[in-house]
Amino acid sequence: MATRRTKRKAVTKELTPDDIEATVRRSSRNALGPKRLQYSPEDSTAETPSKKSRAKRHVAKSSQNKKPKDEADVENSDVEHTFDGHGGLSLYELERLENIRQNQAFLSSINLVQATEELKQLSRPKPSQRGLMRQAAVKEVLPARKSLRLQNKEAEVLTLPPEPRDTLIHERSSQVKKPHGPLTMGPVNMEEGNELPSQFVKLCCEDSAKERKMALDLKEYRAALKNMTITEEKVAKVVKDRIFSAAFHPCSSSLLMAAGDKWGKVGLWKLGAEWGDDGVLLFEPHTRPVGCIAFSSARPSQLLSLSYDGSLRCMDVEKAVFDDVYDIEDGLKTFDFLSHDCSTLVVGNWYGDVSIVDRRTAGNSHESLHSLDPKTLRCVSVHPLQKQYFAVAESKVVSIYDSRCLKKTKSQAVSQLRGHSLSISSAYFSPCTGNRVLTSCMDNHIRIYDTSAMTTNPPLLTTIRHDMHTGRWLSKLSAVWDPKREDCFVVGSMMKPRRVQVFHESGQPQHSFTDNENLSTVLSIAAFHPTNNALLGGNASGRLHVFSS
DNA sequence: ATTGTATGGACCC
DNA sequence: TGGGTCCCCTACAA
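Residues numbered from 1 in each chain as written. Chains lettered and ligands numbered in written order. Predicted model: local features only at pLDDT ≥ 70, side-chain atom pairs only at ≥ 80, totals over all residues. Heavy atoms only, no water.

J.: An account of the nonpolar core is needed here, citing residue identities and associated values.
T.: The tendency in soluble globular proteins is for nonpolar side chains to be buried side by side. Counting residues in hydrophobic clusters, the biggest one holds 24 residues, and the most contacted among them are M185, F200, L268, F283, L303, M315 and V317. At the level of elements, α8 (198-205), β4 (256-261), β5 (266-270), β6 (280-283) and β7 (290-295) are the ones that each hand at least two residues to this core. Beyond its immediate chain neighbours, meaning those up to four positions away, V317 contacts M185, L196, F200, V201, C204 and S301. L255, W269, V280 and A527 belong to the second largest nonpolar core, which has 19 residues in total. (Core = buried A, V, L, I, M, F, W, Y, C linked by side-chain atoms within 4.5 Å. Buried < 20%, exposed > 50% of the residue type's maximum accessible area, 1.4 Å probe, protein only. Helix = DSSP H or I, 4+ residues; strand = E, 2+ residues; numbered from the N terminus. Contact = heavy atoms within 4.5 Å.)

If you want it as structure tokens, here you go:
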């Protein structure tokens, strides 16, 4: 079976449409016309590409099953023909060529080219081995067994052990929740007792250059994006499981990234570093998905991470601990910094409550404000200038609240962004002025609203179709602004070949990041660097990908 | 209210 | 080396 497949590939490769067309012209039997021979490389739109491609693959398969004999003939006689060298063609040969041509036409008509492209993707080279090592399967060494009968002993009366209550949690994580902090910052992928590498600590404390560069005009921006590439060194396994959140450290001298995964792990990776596993240090501050992480722009040595397990912690590299920031029973979903100094936060849980957390005061001194529909809060985003405003992605509407006017329940929204027909997965204020809000919605649309006037119902500026159906196994896609400018954003994509797309707020596509060798998975979590020309993308197996210039 | 299903990736045998 | 299997706590449609 395998050999047959490779043979078939060889056939389609060797017979280019030009070859066939040429021979057919020579044989002057142009029954179907050369136009039919043209390949139609389809630029599949966002609309259900997966369904389409699956159907296509199926068609390709069944046709392959139907025609193995013909194709074998084609291949054999083709070799023969190569060594023939005569221009005059016998009737048999003409017939054969016509067969080849018809087969080729049929195959092109079912988009074999695209199908083989997809097959290439399916039989892609193995994923990057950089970063965290695959764990060798722990094989339990059992004592040699000998039956009681052979030992001439009486049979035991066996009772089954009780079934564990929640197998999922018990199997996959040692505890339901980590104890209260501060927890020492011991990398789990290093020998126990080892100190953090000093170069790593130094880098984490490095601040970004604060002077704001002039934003490039769009043409220059596109050129800069085009210049950003990925290589083998720029892919690494940073956490063990699927990435739920990721962020760049603000320093610009090197690329340092953090990623949080499904089982509470946080991986830190410096591109090209010597420490840990290819520059990766792995920590375990939580036990459930790390829904949101962000470095403090005021104190770059601090990384805040939030988990569904109900804990919000602050990794302080200088102190080498994880401090508690906020804690509830479970169900923390997302947060954003409220003040410029990053000392206060807006924290949202999946029951629909929003809390204002002040890190300078001890304990959970928070206000609970909302009784929304349960389990509908997906995202919070603070206005970059008017810090009292924050946007909350509720089920089918984004509400903007004023943190100074919050009540325990039924707080009045300042503005509401309407028009979403399914649940909204994210909503973000534009990074420089806050004059725009960018939303991603399960109704397969990315929307941009004009919030400059902050009226009751800010106008919808742009709607972009984008396939958001990632299914159960992938993190949801979110459109995220480039923090370097006011008007462009990045979003992962389900399209094949795999890609990450950048759009202007007008809906104009600016660039698609692709790479045959180093990008072959969906990068659900994408983010631009705050100052550098660099982009990160996280996939479902804990691998980070970097495009940079 | 309950049930079914879509969906990607890689690990492991 | 390739295909079977697992992952799973989600959103939506029926």
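Moving on from the coordinates now.
J.: Describe helix α9 (residues 218-226), with residues and values.
T.: Where α9 is concerned, the buried positions are Y221, A224 and L225. Take α9 and look down its axis: the buried residues cluster within an arc of 100 degrees, on one side only. Within α9, the exposed residues directed more than 90 degrees away from the buried face are K219 and K226. Buried residues belonging to α9 abut β23 (488-492), β24 (500-504), β25 (509-513) and β26 (525-528). By the N-cap criterion, in which a side-chain oxygen at the helix start approaches the backbone nitrogen of a residue two or three places on, α9 is capped by D217, the distance to K219 being 2.9 Å. (Arc of directions from axis to C-beta. Polar contact = N/O pair within 3.5 Å; in protein donor to acceptor, adjacent residues only side chain to side chain.)

J.: Tell me about α8, and name the residues and values.
T.: When α8 is considered as a whole, its buried residues turn out to be F200, L203 and C204. For α8, the buried positions fall inside an angular range of 100 degrees around the axis, keeping them on one side. Summarising the geometry of α8, the exposed residues directed more than 90 degrees from the buried face are S198 and K202. Elements that come into contact with the buried residues of α8 comprise β4, β5 and β6.

J.: Report on the pattern of salt bridges, specifying residues and quantitative values.
T.: Inspection of every chain in the model, using the stated rule, returns 16 salt bridges. With its nearest N and O atoms 3.1 Å apart, the salt bridge here joins D327 to K177. Here K177 lies in the loop between α7 (167-172) and β1 (183-184) and D327 lies in strand β10 (residues 321-327), a separation of 150 residues in the sequence. The exposure class of D327 is buried, given its relative accessible area of 18%. One salt bridge in this structure joins R436 and D450, with 3.3 Å as the shortest N-O distance. Of the two residues, R436 is situated in strand β19 (residues 436-441) and D450 in strand β20 (residues 445-450); the sequence distance between them amounts to 14 residues. What makes R436 buried here is its relative accessible area of 17%. (Salt bridge = Lys/Arg side-chain N within 4 Å of Asp/Glu carboxyl O.)

J.: So what's going on with the pairing of strand β18 (residues 424-429)? Residues and values would help.
T.: Judged by how many residues are buried, β18 sits mostly within the fold: five of six residues are covered. Between the end of β18 and the start of β19, which pair antiparallel, lie six residues, with G434 showing a positive phi angle near 75 degrees. (Pairing = 2+ DSSP bridges.)

J.: Describe in detail unusual backbone geometry, supporting the description with residues and values.
T.: For residues that are not glycine, phi is negative in most cases, and the peptide bond is trans in most cases. Of the consecutive residues K496 and P497, the connecting peptide bond is found in the cis state with omega at -5 degrees. As for its placement among the helices and strands, P497 is situated in the loop between β23 and β24. A positive phi angle, near 65 degrees, is found at C342, a position not held by glycine. Here C342 shows up in the loop between β11 (332-337) and β12 (344-349). In this model, K410 sits at a positive phi of 50 degrees, which is unusual for a non-glycine residue. If you trace the backbone, K410 turns up in the loop between β16 (398-402) and β17 (415-417).

Note that all results are geometric; they support no functional claim without further evidence.
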